[in-house]
Amino acid sequence: MASSFTQQYAFRAQKSLGLVGGSPDYEPLSDFVGPDVPARTFQYSADGRLFAYALPNVVRIYQAEGAKLLLELPTPNIVDIRFSPRGTYISTWERPVKLEDGAQHKNLRIFSASTGEELTSFSQKSQNDWDVQYTISESHAVRLVSGEIQVYRPAEWSKGIVDKLKVEGAAMVSLSPGLNPSIAIFVAEKKACEQFTILILSFADSSCIKTGCPSQRVPTCQKSFFKADRAQMKWNTIGTQVLVLTQTEVDNTNKSYYGETGLYLLNAAGNFDCRVTLDKEGPIHDFTWGPNSKEFGVVYGYMPAKAVIFDQRVRVLHDFGAHPHNTISFNPQGRLVLLAGFGNLAGKINIHDRRTLRNVCTIDAPNTSYCEWSPDGRTLLTATLSPRLRVDNGVKIWHCTGPLLHVQPGEEWYQVAWRPTPIDSLPPFGQHLPNAPAPAASVRNNADVVKPTPTKPAGAYRPPGARGLATPSIFKREDEGGAARLPGDGTSTPPRMFSRSPHHLPPGAAPPANGNGNGYGQGHGHGRRQVPGAPQSHPNSPAPDGEKKGGQRKRKGKKEGSGPAVEEGSGVDSRQQSRPVSGTTTPIVVQQLENLSVDTQTPTSPTTPGLDSSSLDPTGKKIRNLNKKLKAIEELKDKQKRGDRLEATQLKKIEGEADIRAELAALERS
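Residues numbered from 1 in each chain as written. Predicted model: local features only at pLDDT ≥ 70, side-chain atom pairs only at ≥ 80, totals over all residues. Heavy atoms only, no water.

Caption draft 1: Focus on the environment of T240. Secondary-structure assignment places T240 in the loop between β19 (230-235) and β20 (241-247). Residue classification places T240 among the partly exposed positions, given a relative accessible area of 34%. In this structure T240 touches W235, L266, N267 and A268, once residues within four positions along its chain are discounted. (Helix = DSSP H or I, 4+ residues; strand = E, 2+ residues; numbered from the N terminus. Buried < 20%, exposed > 50% of the residue type's maximum accessible area, 1.4 Å probe, protein only. Contact = heavy atoms within 4.5 Å.)

Structural data, given as structure tokens:
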């Protein structure tokens, strides 16, 4: 049974901004009036109660349900906005500028979301991690400033810093969710020791933080590792464990252009920490916690990548195998698992049932640049946004069992997001997956407008020489039965399966004795080309240098009178007689006599008539030339029949056809 709870989503395009109601109609909210000028960003509060967007001169805050305008903040040049976890405060960030009096530009400002009063402001140059981090109860907030962690009480912003902790080399902090928050601190590598450190400190949860000497605080968990220039941290929902993804700028093994990656699991209590061991080489594409905080999924390895679910002790729960995926996501209820390949991959989405681990459906969503589960976990939103792609922008909403429910195309969309909804106010999943409702009218209307795209042939491109044959395993992906990828050190080229020569062998055939399929030996100058009609070469043929020297010795010997004489009128050229064949000094006439009793297991190439011009008399040569002229005239006549325009010289050739045929007949009679 499908859920009757309606979802809302917001979108921001180049010329519009709107709120759209949920199923079953997905109609725009009639009470919401979009701005006249392009908006720069929008944001929902974490509880879904408030909605705000920033214009060049003002920030407007709405009640999300009903789109009622609550207040306006007259703050110009705002680039980004954020709400606190309970929607009590709203933070704004603008680009820093130099003030005339030389004072610092306090470009990070915090306002009351209910009254619009400015409570405090800071100077924040970088837009990365610009906002303060709040505890889930909003009792405290923290900032990282030049290696110093500053702690504030949002209820008393005017009192300033209430506590601070100096950590030399601190590059990143992450405040955990949950009722007993902790602070994870990433200390980057130092040139002297080339290792990084993760520190986790318990955050006092009651009315205040103990303001003792910060240097005497002992971390509840501390772990040092190697090879990390930057890190990404993800806490589980209850804030007891954190996954740390580390990455280096350069891969010293030359196996990856994007550097080396590593994944570590740490417990906030300090009783467990380890590196997540992955059984396939390659980068870590994505990782995420399950909503139950007891399992997490990782997509890793060279394409096709592997997807594995681990438990909280890094034991493998399920291996989905190798597929072209780079994204993993649990739905908010933890019942479904999404595996997809976006970016430079085809956009295939596979949805699996977490209980049975079977594949529920496969969705084809090419060119997807944004994908998000709905709060009720029953639908999936995919969008194509700019500047990733400036064409075919818009949003599609799919049911978790595969059918398309809603389509909204547009021009140059920049942002889209579901309205958050507390999970306890949503209907739970039943024993079986819900049935898909009927699609909205937008799906039928869009199907009538969209032109059918021509279907491309399935499968990868194959060169003409490999078509019609069984696909070699080297050209198959690992999930199609091919061999596993073995990355090299970046200094050598992988072996080729096909020769560039037109005389290449089919895949799977044994290579020739000289080492390749083009008639030459391996290396430069270590073999001789096989001429059609010539005797079969001996495997132990000498190098061309030896032939040249041998030929010079023979000519020199003949000059001195020691070489064999050639009878006049024998029909054998003296150059052919003196040229060695197959590493011997036997004249070619004797070699041809020996070939009369050649072994049947070493067949020779058949002689092509007319190739040796020295064996033709003058009359035969003239007949051959006349036949060539007649063939050229026939080709010109065919062109003339097709309507092609011929030049004067070509027409003159056609006119002389009768004379050529008469001359040819006379020569043949003689």
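Right, picking up where we left off after that structure.
Caption draft 2: Layout of the packing of helix α5 (residues 618-641) against helix α7 (residues 657-669). α7 packs onto α5 with a crossing angle of 150° between their chain directions and a minimal axis gap of 10 Å. One way to sum up the angle between α5 and α7 is to call them roughly antiparallel. The crossing of α5 and α7 is left-handed. Contacts between α5 and α7 involve T619, K622, I623, L626, N627, K629, L630, I633, E634 and K637 from the first element and E657, I660, R661, E663, L664, L667 and E668 from the second. (Axes fitted to C-alpha atoms, helices over the stretch in contact; angles between N-to-C directions. Parallel < 35°, antiparallel > 145°, perpendicular 65-115°, else oblique. Left-handed = near helix turned anticlockwise from the far one by under 90°.)

Caption draft 3: Summary view of the pattern of salt bridges. Taken as a whole and assessed by the stated rule, the structure comprises 21 salt bridges. E65 is paired through a salt bridge with R419; the nearest N and O atoms lie 2.6 Å apart. Of this pair, E65 sits in the loop between β5 (59-63) and β6 (68-73) while R419 sits in the loop between β35 (413-418) and α1 (441-449), and the two are 354 residues apart along the sequence. Two residues, D644 and R642, come together in a salt bridge whose shortest N-O distance is 3.6 Å. Judged by its relative accessible area of 36%, D644 falls in the partly exposed class. Take R642: its relative accessible area is 58%, and that puts it in the exposed class. Three or more residues are tied together by salt bridges with common partners; here these are E634, K637, E657 and R661. (Salt bridge = Lys/Arg side-chain N within 4 Å of Asp/Glu carboxyl O.)

Caption draft 4: Region of the structure containing empty space enclosed by the protein. Here the structure, examined in full by the defined rule, presents one cavity of 30 Å³ or more. The volume enclosed by the largest cavity comes to roughly 30 Å³. Every residue along the wall of the largest cavity is listed here: S23, P24, Y26, L405, P437, A438 and A440. Within the lining of the largest cavity, the residues separate by chemical class into six nonpolar, one polar and no charged. (1 Å grid on protein atoms, 1.4 Å probe; cavity = no way out; pocket = protein on both sides within 12 Å on 5 of 7 lines; lining within 4 Å. Points joined across faces, edges and corners; volume = space filled by probe spheres on them. Nonpolar A, V, L, I, M, F, W, Y, C, P; charged D, E, K, R; others polar.)

Caption draft 5: A look at the sheet that holds strand β23 (residues 284-289). Taking strand neighbours across the sheet as the criterion, the four strands line up as β23-β24-β25-β26 in an open arrangement whose pairing is antiparallel. The open sheet is flanked by β23 and β26 (316-323), the only strands paired with a single partner. Neighbouring strand axes in the sheet, compared pairwise and without regard to direction, differ in orientation by 10° on average. Two elements, β23 and strand β24 (residues 295-300), share five bridges in a ladder whose sense is antiparallel. Looking at β24, one finds that D286 is bridged to V299. (Pairing = 2+ DSSP bridges.)

Caption draft 6: Expanded view of unusual backbone geometry. Omega for the bond connecting M303 with P304 falls within 30 degrees of zero, at -5°, which places this linkage in the cis form. Considering the arrangement of structural elements, one finds P304 in the loop between β24 and β25 (305-311). Here S386 and P387 are connected by a cis peptide whose omega angle stands at 5°. Following the sequence through the fold, P387 ends up in the loop between β32 (379-384) and β33 (394-399). Although it is not a glycine, D129 sits at a positive phi angle of roughly 50°. Among the secondary structure elements, D129 is positioned in the loop between β10 (118-122) and β11 (133-134). Judged by its relative accessible area of 68%, D129 falls in the exposed class. At L357, a position not held by glycine, the phi torsion is positive, near 60°.

Caption draft 7: Up close: the side chain of T368. With respect to the helices, strands and loops of the structure, T368 is situated in the loop between β30 (359-364) and β31 (370-373). Here A365 takes part through its backbone oxygen, which lies 2.7 Å from a polar atom of the side chain of T368. Not counting chain neighbours up to four residues away, the residues in contact with T368 comprise F342, G343, T382, A383 and T384. (Polar contact = N/O pair within 3.5 Å; in protein donor to acceptor, adjacent residues only side chain to side chain.)

Caption draft 8: Structural context of α5. Taking 1.5 Å as the rise per residue, α5 with 24 residues should run 34 Å; its terminal C-alpha atoms sit 35 Å apart, in good agreement. Among the structural elements, α6 (648-655) and α7 are those in contact with the buried residues of α5. Among the residues trailing α5, G643 stands out with phi positive, at a value near 95°. (Expected span 1.5 Å × (residues − 1).)

Caption draft 9: Structural context of the sheet that holds β11. An order of β11-β12-β13-β14 is seen for the four strands of this open sheet, with the pairing classed as antiparallel. Of all strands in the sheet, those with a lone pairing partner are β11 and β14 (163-166), marking the two edges.

Caption draft 10: Focus on the confidence of the model for the chain. For the chain, mean pLDDT is 78; residues scoring 70 or higher make up 71% of the total. Ignoring residues within four places in sequence, the model shows residues 513-527, a span with pLDDT below 50, making 21 contacts including any to other chains. (pLDDT = per-residue confidence, 0-100.)

Caption draft 11: Examining the pairing of strand β4 (residues 50-54) more closely. A large share of β4 lies buried, amounting to five of its five residues. Across the two faces of β4 the burial is the same, with L50, A52 and A54 and F51 and Y53 all buried. One ladder, built from four bridges, connects strand β3 (residues 41-44) with β4; its direction is antiparallel. Pairing of T41 across the sheet is with A54, part of β4. The loop that links β3 with its antiparallel partner β4 comprises five residues; one of these, G48, has a positive phi angle of about 75°. Relative to β5, β4 runs antiparallel, the two sharing five bridges. If you follow F51 over to β5, its bridge partner there is Y62.

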